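Residue-level listing of the chains:
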Amino acid sequence: MNKICFFDTKPYDKTYFEALKAKYDIDIEYFEPKLGPKTAFMAKGFEAVVAFVNDNINQETIDILYENGVRLIAMRCAGYNNVDFKTAYKKIHVVRVPAYSPYAVAEHAMALLLTLNRKIHRAYVRTRDFNFSLNGLMGFDLHGKTVGVIGTGKIGQIFVNICKGFGMRVIAYDPYPLKDAGIEYVKLNELCREADIISLHCPLTKDTFHMINKDMISLMKDGVYIINTSRGALINSEDLLEALKDEKIGGACLDVYEEETELFYEDMSYTVIKDDVLARIISMPNVIVTSHQAFLTKEALYNIAETTLSNCREYFDGKGLTNEVCYKCSKGEPCPKGKNKSCF
Ligand code: NAI
């Protein structure tokens, strides 16, 4: 039996990994802290570590992991913007879970939009206090509105279909548009000008960092709604805050935030929040923030555990790593993966 260690453990992770570990003949040591330069030493004695979206897998972390004998980082998520691939290259293999439930994320994006637009969060609190007034709860019909979808990969496509089911007009921007998918692609500027609602479903890269900034916002319709279930740093939060204050943006549904690492997934209710931008954004009546929970469905957690353990088993068996990502292929450059299913 091979043994792996697991950082940033939450009870819901443990439930699914414990249920499946025997199938892959793997034992797991769970650690509560996030993986980062201060905690990487805990991986000593393990060849494989399991990590997550808010772990800090920078150069220092990777160097410490490597010195301590780690040769595989198994990301239990799809995104990998928190990994320093350049340092890891030819030292530590990085694998991920490319898809676990795109439905979970797309459905959460729509749940946020419906909640914010129809003020369900406010109605819920009111009726529990026997306040049956409707003042301030008015929304708008989604039917007939234009939604602009940025990124039409696995999640974006499902979100497109959900929106079509609501009778919305869908326009999309993606540098790699799908053929024959029945999606009307437009330039990004045009999408900003035409959309009543904009939903982000692209990865965080150098090109997409702060893609929603004051210049892009200035092109948008007054009162536009923005949904971000992808990565926080796609949006310049200070520009978002200004646009919310100016009422240029009519509503924001945020499952992610650019400075979420030290906050999200933790109970901070007894802590003085030092991030004034987040505190002000959260205080707005037309903003809903969830704590990077779009992935959190039973199906997604099961698939995450299954693929992560299968990724680890492939490594221990010396097989090619089906879900490996490296310095080269993470940037879309050719790497040997196609031939032998491992990046190096
Ligand atoms: P995917 O890789 O299937 O699709 C991403 C799409 O974005 C691709 O079609 C790609 O061509 C497009 N794209 C790349 N650069 C772009 C740009 N500059 N502008 C517009 N589009 C661009 O990824 P998937 O599975 O659909 O996931 C999307 C994102 O959702 C992930 O990168 C991740 O950040 C986020 N995510 C969030 C979760 C949550 O719990 N909130 C859970 C899972 C993923």
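Residues numbered from 1 in each chain as written. Predicted model: local features only at pLDDT ≥ 70, side-chain atom pairs only at ≥ 80, totals over all residues. Heavy atoms only, no water.

Student: Give me the lowdown on the site of the ligand, citing residues and values where you can.
Tutor: Near the ligand lie 23 residues; those nearest to it are Lys154, Ile155, Asp174, Thr229 and Asp255. Between the ligand and arginine 231 there is a distance of 3.3 Å, counted from an oxygen atom to a side-chain nitrogen or oxygen. Aspartate 255 is positioned such that a nitrogen or oxygen atom in its side chain is 3.0 Å from a nitrogen atom of the ligand. Bound to the protein, the ligand loses 84% of the 870 Å² it would expose on its own. Here the residues of the shell around the ligand sort into 11 nonpolar, eight polar and four charged. (Near = heavy atom within 4 Å. Polar contact = N/O pair within 3.5 Å; in protein donor to acceptor, adjacent residues only side chain to side chain. Areas by Shrake-Rupley, 256 points an atom, 1.4 Å probe, with all protein chains shown as cover. Nonpolar A, V, L, I, M, F, W, Y, C, P; charged D, E, K, R; others polar.)

Student: Go over the sheet that holds strand β4 (residues 72-75) with me, naming the residues and quoting the values.
Tutor: Strand pairing within a sheet occurs via backbone hydrogen bonds; the two strands may be parallel or antiparallel. Reading across the sheet, the six strands line up as β2-β1-β3-β4-β5-β13 and stay open at both edges, with mixed pairing between neighbours. Each edge of the open sheet carries a strand with a single partner, namely β2 (26-30) and β13 (324-325). In the sheet, strand β1 (residues 2-6) pairs with strand β3 (residues 48-51) via three bridges, with the strands oriented parallel. Residue pairing in the sheet places phenylalanine 6 in a bridge with valine 50 of β3. (Pairing = 2+ DSSP bridges. Helix = DSSP H or I, 4+ residues; strand = E, 2+ residues; numbered from the N terminus.)

Student: Which residues make up the pairing of strand β9 (residues 197-200), and what are the values?
Tutor: Burial along β9 is two-sided: Ile197 and Ser199 facing one way and Ile198 and Leu200 facing the other are all buried. Two elements, β9 and strand β10 (residues 224-228), share four bridges in a ladder whose sense is parallel. By the bridge assignment, leucine 200 is partnered in β10 with asparagine 228. Regarding the hand of the β-α-β motif, the stretch spanning β9, helix α8 (residues 214-219) and β10 is right-handed. (Buried < 20%, exposed > 50% of the residue type's maximum accessible area, 1.4 Å probe, protein only. Right-handed = clockwise from strand over helix to strand, strands pointing away.)

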